[in-house]
Number of protein chains: 2
Amino acid sequence: MKEATAKCLRNDFCSGSMAHMRYLIYAQKAREENFPSIARLFSALAVSRYIRASEQYRLVHELIGVHTACSEAHFTFFRTMDNLERARDDEKHEANEVLPAYIAVAESQGEGAASKSLKCSAAVCRHLVALLDDVIQKTKHADEEPKIEQLHVCQACGYIAAEITMGGCPLCGERAKFISVT
Amino acid sequence: MKEATAKCLRNDFCSGSMAHMRYLIYAQKAREENFPSIARLFSALAVSRYIRASEQYRLVHELIGVHTACSEAHFTFFRTMDNLERARDDEKHEANEVLPAYIAVAESQGEGAASKSLKCSAAVCRHLVALLDDVIQKTKHADEEPKIEQLHVCQACGYIAAEITMGGCPLCGERAKFISVT
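To start, this report covers the structure provided alongside it.

Conventions we followed
- Note that residues are indexed from 1 along each chain, following the sequence as it is written.
- Just so you know, chain letters begin at A and ligand numbers begin at 1, following the order they were written in.
- With the structure being a predicted model, the display of local features is reserved for residues of pLDDT at least 70 and the display and counting of side-chain atom pairs for 80 or more, all residues being used for whole-chain, interface and lining totals.
- Think of the side-chain values as coming from all heavy atoms in the structure, minus any hydrogens and water.
- Axis definition: a line fit to C-alpha positions, over the contact stretch in the case of helices; interaxial angles, taken between N-to-C directions, run 0 to 180 degrees.
- Numbering of helices and strands runs from the N terminus, with a helix taken as a DSSP run of H or I at least four residues long and a strand as a DSSP run of E at least two residues long.
- An angle below 35 degrees is treated as roughly parallel, one above 145 as roughly antiparallel, one from 65 to 115 as roughly perpendicular, and anything else as oblique.
- When checking whether two residues touch, look at their non-hydrogen atoms; a contact exists if any pair is within 4.5 Å.
- Three classes are used, and their members are as follows: Ala, Val, Leu, Ile, Met, Phe, Trp, Tyr, Cys and Pro are nonpolar, Asp, Glu, Lys and Arg are charged, and the others, Gly among them, are polar.
- Any two strands with at least two DSSP-identified bridges between them are counted as paired.
- Least squares is the method for superposing the copies, and the C-alpha atoms it fits come from residues with pLDDT of at least 70 in both.
- Buried area is a sum: the accessible area each of two parts loses on coming together, probed at 1.4 Å, counted once for each and added.
- What counts as a salt bridge is simple: a side-chain nitrogen of Lys or Arg found within 4 Å of a carboxyl oxygen of Asp or Glu.
- The definition of a polar contact used here is a pair of N or O atoms within 3.5 Å, where within protein one atom must be able to donate a hydrogen and the other to accept one, and adjacent residues in sequence count solely through side-chain atom pairs.
- We call a pair of cysteine sulfur atoms a disulfide when they lie within 2.5 Å.
- Think of it in three bands: residues with accessible area under 20% of the maximum for their type are buried, residues over 50% are exposed, and the middle band is partly exposed, with areas taken using a 1.4 Å probe on protein chains only.

## Some remarks on the packing of helix 1 (residues 3-32) of chain A against helix 3 (residues 80-108) of chain A
Residues and elements named next belong to chain A. Packing of helix 1 against helix 3 brings their axes to within 11 Å, and their N-to-C directions diverge by 170°. Relative to helix 3, the element helix 1 lies roughly antiparallel. Contacts between helix 1 and helix 3 involve Ala-4, Thr-5, Cys-8, Asn-11, Asp-12, Ser-15, Arg-22, Tyr-23, Tyr-26, Lys-29 and Ala-30 from the former and Thr-80, Asn-83, Arg-86, Ala-87, Asp-90, Glu-91, Glu-94, Val-98, Leu-99, Tyr-102, Val-105 and Ala-106 from the latter. Residue classes in the contact of helix 1 with helix 3 are distributed as eleven nonpolar, five polar and seven charged.

## Some words on the side chain of Ser115(B)
Structurally, Ser115(B) can be placed in helix 4 (residues 112-142). Those residues in contact with Ser115(B), other than ones at most four positions away along the chain, are Ile103(B), Ala106(B) and Glu107(B).

## Concerning the sheet that holds strand 4 (residues 178-181) of chain B
All names here are of chain B. Overall, antiparallel pairing links the three strands, which are arranged 3-2-4 in an open sheet. Of all strands in the sheet, those bounded by a partner on one side alone are strand 3 (160-161) and strand 4. Pairing of strand 2 (residues 151-154) with strand 4, which is carried by four bridges, proceeds in the antiparallel orientation. Looking at strand 4, one finds that Val-153 is bridged to Ile-179. This element, helix 2 (residues 36-60), spans strand 2, strand 3 and strand 4 of the sheet and lies at about 10° to strand 2.

## Brief notes about the relation of the copies chain A and chain B
With an RMSD of 0.0 Å, chain A superimposes on chain B once it is rotated by 180° and translated 0.0 Å along the axis. Classification of the inter-copy transformation places it as that of a two-fold axis. When C-alpha positions in chain A are compared against the rotation axis, the closest is assigned to Cys70(A), at 2.1 Å.

## Points about the sheet that holds strand 3 (residues 160-161) of chain A
The strands making up a sheet are joined through hydrogen bonds of the backbone, oriented either antiparallel or parallel. Residue and element names in this part refer to chain A. If you walk across this open sheet you meet the three strands as 3-2-4, and the pairing is antiparallel. The sheet is open, and its two edges are formed by strand 3 and strand 4 (178-181), each paired on a single side. Along the sheet, helix 2 (residues 36-60) contacts strand 2 (151-154), strand 3 and strand 4; its crossing angle with strand 2, the most-contacted strand, is approximately 10°.

## Regarding the interface of chain A and chain B
Listed as interface residues are 36 residues of chain A and, on the opposing side, 36 residues of chain B. Of the roughly 3,200 Å² buried at the junction of chain A and chain B (both faces included), carbon and sulfur atoms supply 75%. Area buried by chain A at its contact with chain B is led by Met21(A), Tyr57(A) and Phe75(A), which between them contribute 26% of it. At the junction of chain A with chain B, the criterion picks out zero salt bridges. Where chain A touches chain B, the interface holds three residue pairs in polar contact (both at pLDDT 80 or more). Of all the secondary-structure elements, those providing two or more residues to the side of chain A that touches chain B are helix 1, helix 2 and strand 1 (65-75) of chain A.

## Digging into the state of the cysteines
Taken as a whole and assessed by the stated rule, the structure comprises one disulfide over all chains. Each sulfur in the disulfide pair Cys70(A) and Cys70(B) lies 2.0 Å from the other. Note on the Cys70(A) and Cys70(B) pair: the S-S dihedral is about 110°, so by sign convention the disulfide is right-handed. With Cys70(A) in strand 1 and Cys70(B) in strand 1 (residues 65-75), this pair bridges two chains. Judged by relative accessible area, which is 26%, Cys70(A) ranks as partly exposed. With no disulfide of its own, Cys8(A) lies 13 Å from the sulfur of Cys70(A), the closest cysteine sulfur. The exposure class assigned to Cys8(A) is buried, which follows from its relative accessible area of 7%.

Purely spatial values, then, with no claim about function.
Following this line, the structure appears as structure tokens:
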């Protein structure tokens, strides 16, 4: 793999690892504030980030060694409702700004596997923006959290589904296993 | 909190988030290679990193906003035995190189809470080096993994214990709850 593409994947691994960590922290905060459904959503978002970061790690691991990775990091710790909006804005920024730039680099270098992976990740981000927006609107409208019993995260791409469908993942089409977050 | 100290904490949050993610990946690899005890150890290491990263996040969250965080990142994906040695070397590097530099910055700025937290993290790293060394030696000696039934991670500092003692955490002294990894 060419170095500029690998650098993009490493920086996105860095960004994804911090996002994963933030979602674990947000989930804990939501549990403390007695929002069990939103805590479940943050836990599922953490799993989604884990799946995508693992894939990026797998793609770059051939370039063994110690590298410097940089990424924007958001440091906020408000109430759970603020964390929901921060999460949506972060996923939107990743989908609209960060990943398109990385995809352009990978494509210009003819790195098909990296480009495919990053495009899939961008599609997952867009789906998560819609999911988070829906929960934000429902919570604001009803003045309480919507009930989320369990969520299922596609092990292939990180898509989050409310129900497992027989046809496989609605986003990537893989008939992969889903990780259930209860 | 002064900016140079906050930058150290943010960079260590970045490094810790990536280490946490690597441990999750190593744990999955160990399960695939049929090393359930070593997988348990990697899972406990991931929890330990989560606890320390959460503490750093809590310390810097007052400086709300988007910041760039940088860190060295190790990209390797060998056999589980290699991952054990890589983990030990990473914790040693963190204890001997990275954290002492951050502690020096925090102390020079009179940031007592940050310095205390980073010193505690360095002590945990040294303990993890010893723990990993022990498992590496036992595995090499017996030519199979040592049996680890469960591990307990101190929720206050990230210390990993084989057994919960009544006197609280052997490292930080807190009578905090332990998270059990089975």
